[in-house]
Amino acid sequence: MSGGTTRARLAEALSLHQAGDLRGAEQLYRGILGRAPRDADALHLLGVLCHQTGRGADAVALIGKAIRAKPGVAEFHANLALALQGLGRAAEAGSQLTEAVRLRPDYWEAHFNLGLLLQGLGRLDGAATHLRAAVDLRPSDPAPYGALATLLGAIGRIAESVAYHQAALALRPEEPALIGNVAAALRDAGMMQHAADAYAEALRRDPQNPRFLNDFGLVMQALGRADDAANCFEAALGVDPGFAEAEDNLGSLAMLRGRADEAAARHRAALRRRPTLSAAWNNLGNALKAQGMLAGATIAWRTALALFPNAAEVWTNLGNGLRAVERFDGSEAAHRRALRLRPANAIAHNNLGDAVQMSGGDAVGATSYRRALALDPAYAEAASNLGLALQRLQRTAEAGAWFDRALALVPDLALARFNRGLLRLEAGEIARGWPDYAWRFGSGRIGRVRQPALAAWRGEELSGKRLLIWREQGVGDELLFAACYAEAIARARHVVIESDARLVTLLQRSFPSASVRAQTVDAEGRETGMPTDCDLHTPAGSLARVFRGRLADFGPLPAWIIPDPVRVAQWLERLARLPRGLRIGIAWRSQLLTAERRGAYTNLDQWAPVFAVPGITLVNLQYGEVEGELSTAEQAHGVTIHRWPDLDLRDDFEGAAALTATLDLVIAPAVSAGELAGAVGTPVWRIGGCDWTWLGTGVRPWFPSMRVFAPPPGGGLGEALERAAQVLRELSGPLLFPANVV
């Protein structure tokens, strides 16, 4: 076959190819190659046809032969890249496109495809370079503008994204899809009203477009018009029942309304429609986290990231979830990945600070908070977090300044108010500390606030009024704040105390003129009854603002918790059978040992110096499943720690109070057993560092019978126990425990 005949047959084949007659074109291409097997153009075009008909391996082989037969043709490399991409060989495809633009720097399609491919590989700077080249080389085509705009939006350069979408629309102002792209960019930029106007125009031109209806709903949601948003999402599903994004967004709307169960169901329904919808997996993770199902949430977030690894928001959610289950290394890695995707994002730096604070210390966390503030000086939450980190580093003046700055930016930032209150109370600024302490329930740190259907008492005159006092925080806090109950009872016509159910009889005996009952809330914190026997209500911790406004208001109070005298007598009889010596009750840890709290507690190995003191009789006051710990300590240290199987130290507070009242001394860190000892008037040595309850003194003024053994600077609780053991050895004669710090 002559060269002229070959070119004519090739032109005929190409004509059939372009007309869609792929079978006829393939026959002609193969006929040419039968006579001229190294014809580069025929090899190339047959390879393109194979790629178009799903025969990727054949396409790669044929176009590769074409390149070897005729090197230096940019189009060959560009089409080989498309075939390689179809086989999932993205890195090789990138190399071929790079060669194509090297051979032909003005090849806009190759720049365009290379930009898209690099974006998919997460090489965002390179992607932006090639997409800009495509825009410059093809200024009349909206496609490169739109692709570059989408990339810029993904990396947080929102203003540029809007500008490029608008440039694309200027080329084809009547095209609804381009109007929709502008609307989406405006939404990402936070320009919600402008976005709403753009979506309205897009829907005027294409009223049955489910994407526009869905995205218009997102704008309505952002504008606070939840019902309109729901209508838009439902309309999108009406047009296209399989439109997973709309179902997913209905789930997110349910989450905003506090309905996590409904949200999870909606997100799962969206994933049944489209299992590869990464946003739905992310949102399902958020819903599961709200339900307390962190293991399932982590799986959902990881699935979202497997589908779309460049989602900074999902990396952030995963990091926060891992931090919640104390997997700090994983949390830090996730937040650092989010920062690589959005290095100028202040929130990401703040989240990283939260993660590294637990693994790397407060100084490391403070560095991240400062970076967040450098990016966004008005970021009040980061200022508050920096204040807390500095407070923990004992840099109290700086901490107070940062709390003040956070509150100058956002005056109702509850966590900053609460932390500043604790800082002021710890420094002894009692009158200034209590007003900020009142923000504790909004801080997210100590549980939920109750909302009885009564007016709140704020310290006004109580004559003729009936006051409801409700418990808050843990049992130890309840016992501490109960020191103020007598003053409230003396002022009011009548007081009703709602307590932990385990304390009801104990408090009723201790405050006989009040009415005491178990708290009337369910497990979710919802009110279960309408109090008709009270006029006003207050949380127990708010009594201190009224009755403990100065150190002088504490004074040498008598014990305020009165154990059952019958049970006290029974315990005296039982303890009389024990060996002679000081009867010392011990507790060593909380049942809730988070990483943040672990440093405030001990293990029994650290008690060796106390166990070695001669002439003492040890009594267990630690509740929970601790038999194994006790047996191990007894064998290791050659001691007996007395306990009785018929006493439930966790739930029988009457029994625990009676036993505690018969002891000579209690030694414990910050646990309820120590607070109970102080409340019944038993001498108690608290093992622990300074906190807000010291109120700027060397003692805890709430408990006259308490002495504090604090660790030395830079030391731990083991050293405090060593000092306590030394003092215990030195004791002689009657036990006198002056309220001072050692």
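Residues numbered from 1 in each chain as written. Predicted model: local features only at pLDDT ≥ 70, side-chain atom pairs only at ≥ 80, totals over all residues. Heavy atoms only, no water.

**Digging into the overall build of the chain**
Working step 1: Counting its regular elements, the chain contains 37 helices and 11 strands.
Working step 2: In terms of C-alpha radius of gyration, the chain reaches 36 Å, well past the compact-globule figure of 27 Å for 742 residues.
Working step 3: For the chain, the spread of C-alpha atoms along the three principal axes comes to 125 × 60 × 45 Å.
Working step 4: Burial statistics for the chain: of 742 residues in total, 50% are counted as buried.
Working step 5: Split by element, the accessible area of the chain, about 32,700 Å² in all, is 52% carbon and sulfur.
Working step 6: When the 79 positive and 78 negative side-chain charges of the chain are each reduced to one mean point, those points stand 3 Å apart. (Helix = DSSP H or I, 4+ residues; strand = E, 2+ residues; numbered from the N terminus. Rg over C-alpha atoms; globule rule 2.2 N^0.38 Å. Buried < 20%, exposed > 50% of the residue type's maximum accessible area, 1.4 Å probe, protein only. Areas by Shrake-Rupley, 256 points an atom, 1.4 Å probe, with all protein chains shown as cover. Lys, Arg positive; Asp, Glu negative; His and termini not counted. Charge placed at Lys NZ, Arg CZ, Asp CG, Glu CD.)

**Points about the nonpolar core**
A general trend in soluble globular proteins is that nonpolar side chains are found buried together.
Working step 1: Within the largest apolar cluster, 84 residues are counted, with the highest numbers of intra-cluster contacts made by Y29, L97, L151, F216, V219 and M220.
Working step 2: Of the residues forming this core, the biggest block, 8 residues, is contributed by helix α3 (residues 40–52).
Working step 3: Among residues more than four places away in sequence, those in contact with L97 are A78, A81, A110, N113, L114 and L117.
Working step 4: Residues I430, A492, L621 and V666 belong to the second largest nonpolar core, which totals 76 residues. (Core = buried A, V, L, I, M, F, W, Y, C linked by side-chain atoms within 4.5 Å. Contact = heavy atoms within 4.5 Å.)

**A word on the packing of helix α17 (residues 278–290) against helix α19 (residues 312–324)**
Working step 1: Interaxial distance between α17 and α19 falls to 10 Å at its minimum, and their mutual angle equals 25°. Relative to α19, the element α17 lies roughly parallel. Crossing of α17 over α19 shows left-handed handedness. Facing N282, N286 and K289 of α17, the residues of α19 in contact are E313, V314, N317 and N320.
Working step 2: The residue makeup of the contact of α17 with α19, split by class, is 1 nonpolar, 4 polar and 2 charged. (Axes fitted to C-alpha atoms, helices over the stretch in contact; angles between N-to-C directions. Parallel < 35°, antiparallel > 145°, perpendicular 65-115°, else oblique. Left-handed = near helix turned anticlockwise from the far one by under 90°. Nonpolar A, V, L, I, M, F, W, Y, C, P; charged D, E, K, R; others polar.)

**A closer look at the state of the cysteines**
Put plainly, two cysteines are in a disulfide when a covalent bond ties their sulfur atoms together.
Working step 1: Overall, the coordinates contain 0 disulfides when judged by the stated rule.
Working step 2: Just so you know, C690 is unpaired, no disulfide at all, and the nearest cysteine sulfur is the one on C484, 19 Å from it.
Working step 3: Here C690 falls in the partly exposed class, since its relative accessible area comes to 42%. (Disulfide = S-S within 2.5 Å.)

**Remarks on the packing of aromatic side chains**
Working step 1: Tallied over the entire structure, the rule returns 17 aromatic pairs.
Working step 2: Ring centres 5.5 Å apart and planes at 80° place the aromatic pair W434 and Y437 in the edge-to-face group. In this pair, W434 and Y437 are both assigned in helix α26 (residues 430–437), 3 residues apart and thus about one turn of the helix distant. The exposure classification of W434 matches that of Y437, with both residues buried.
Working step 3: Consider the rings of W457 and F547, whose centres lie 6.1 Å apart with planes at 35°: the pair is tilted. Here the residue W457 occupies a position in the loop between β1 (455–456) and β2 (466–470), and F547 occupies one in helix α30 (residues 543–547), the gap between them amounting to 90 residues. For the pair shown, W457 and F547 are each scored as buried.
Working step 4: An aromatic cluster is defined as three or more aromatic residues linked by ring pairs; in this entry it consists of F418, W434, Y437, F481, F554, W692 and W702. (Phe/Tyr/Trp six-rings, centres within 6.5 Å; stacked < 30°, edge-to-face > 60°.)

**Concerning the confidence of the model for the chain**
Working step 1: When the pLDDT values of the chain are averaged, the result is 91; 96% of them are 70 or greater.
Working step 2: Low pLDDT, under 50, characterises residues 732–742; the predicted model gives this stretch 25 contacts beyond four residues in sequence or across chains. (pLDDT = per-residue confidence, 0-100.)

**Description of the pattern of salt bridges**
Working step 1: As enumerated under the stated definition, the model contains 54 salt bridges in all.
Working step 2: Of the charged contacts, one joins R225 and D228 as a salt bridge, the two residues approaching to 2.9 Å between their closest N and O atoms.
Working step 3: D228 sits in the partly exposed class, given a relative accessible area of 30%.
Working step 4: As a salt-bridge pair, D436 and R417 come within 3.4 Å of each other at their nearest N and O atoms. With D436 in helix α26 and R417 in helix α25 (residues 414–426), the pair connects residues that are 19 residues apart, well separated along the chain. (Salt bridge = Lys/Arg side-chain N within 4 Å of Asp/Glu carboxyl O.)

**Looking at the sheet that holds strand β6 (residues 582–586)**
Working step 1: Reading across the sheet, the 6 strands line up as β8-β7-β6-β9-β10-β11 and stay open at both edges, with parallel pairing between neighbours. Strands at the two margins of the open sheet, each flanked by one partner only, are β8 (641–642) and β11 (706–709).
Working step 2: In this structure, strand β7 (residues 616–620) lies alongside β8, joined through 2 bridges in parallel fashion. The residue of β8 that forms the bridge with L618 is I641.
Working step 3: Packed on one face of the sheet, helix α36 (residues 672–680) meets β9 (665–668), β10 (684–687) and β11 and runs near 150° to β10. (Pairing = 2+ DSSP bridges.)

**Regarding the packing of helix α31 (residues 565–575) against helix α35 (residues 653–661)**
Working step 1: Across the interface, α31 lies against α35 with an axial gap of 8 Å and an inter-helix angle of 55°. Comparing their axes, α35 and α31 come out oblique. Every pair of crossing elements has a handedness; the one defined by α31 and α35 is right-handed. Contacts between α31 and α35 pair R567, V568, W571 and L575 from the former with E654, G655, A658, L659 and A661 from the latter.
Working step 2: By residue class, the composition of the contact of α31 with α35 is 6 nonpolar, 1 polar and 2 charged.

**Re helix α10 (residues 158–171)**
Working step 1: Given a rise of 1.5 Å per residue, 14 residues ought to cover 20 Å, and the 21 Å separating the end C-alpha atoms of α10 matches this to within 8%.
Working step 2: For α10, the full list of buried residues reads S161, V162, H165, A168 and L169. One side of α10 holds all its buried residues, which, seen down the axis, span an arc of 125°. For α10, the exposed residues lying more than 90 degrees away from the buried face are A159 and A170.
Working step 3: Elements that come into contact with the buried residues of α10 comprise α9 (142–154) and α11 (176–188). (Expected span 1.5 Å × (residues − 1). Arc of directions from axis to C-beta.)

**Examining the sheet that holds β2**
Working step 1: Sheet architecture is open: 5 strands sit in the order β1-β5-β2-β3-β4, paired in parallel fashion. Where the open sheet ends on each side, the last strands, each with one partner, are β1 and β4 (515–518).
Working step 2: In this structure, β2 lies alongside strand β5 (residues 536–539), joined through 4 bridges in parallel fashion. Paired with W470 across the bridge in β5 is P539.

**Comments concerning the pairing of strand β3 (residues 494–499)**
Working step 1: In terms of burial, β3 is largely enclosed, as 5 of its 6 residues are buried.
Working step 2: Pairing analysis gives 5 bridges linking β2 to β3, with the strands arranged parallel. If you follow L468 over to β3, its bridge partner there is V496.
Working step 3: Inspection of the sheet shows β3 paired to β4 by 4 bridges, in the parallel sense. For E498, the partnering residue across the bridge sits in β4 and is R517.

**Comments concerning unusual backbone geometry**
Working step 1: Positive phi values are uncommon outside glycine, yet Q394 reaches one of about 65°.
Working step 2: By secondary structure assignment, the location of Q394 is in the loop between α23 (380–392) and α24 (396–409).
Working step 3: In this structure, Q473 is a non-glycine residue whose phi angle is positive, near 60°.
Working step 4: With respect to the helices and strands, the residue Q473 is situated in the loop between β2 and α27 (475–481).

**Topic: the environment of R589**
Working step 1: Residue position: R589 is located in the loop between β6 and α32 (595–598).
Working step 2: Judged by relative accessible area, which is 14%, R589 ranks as buried.
Working step 3: Residues contacting R589, with those up to four places away along its chain left out, are Y601, T602, Q622, E625, V626, E629, P669 and V671.
Working step 4: Within the structure, the side chain of R589 is placed 2.4 Å from the side chain of E629, a separation counted as a polar contact. (Polar contact = N/O pair within 3.5 Å; in protein donor to acceptor, adjacent residues only side chain to side chain.)

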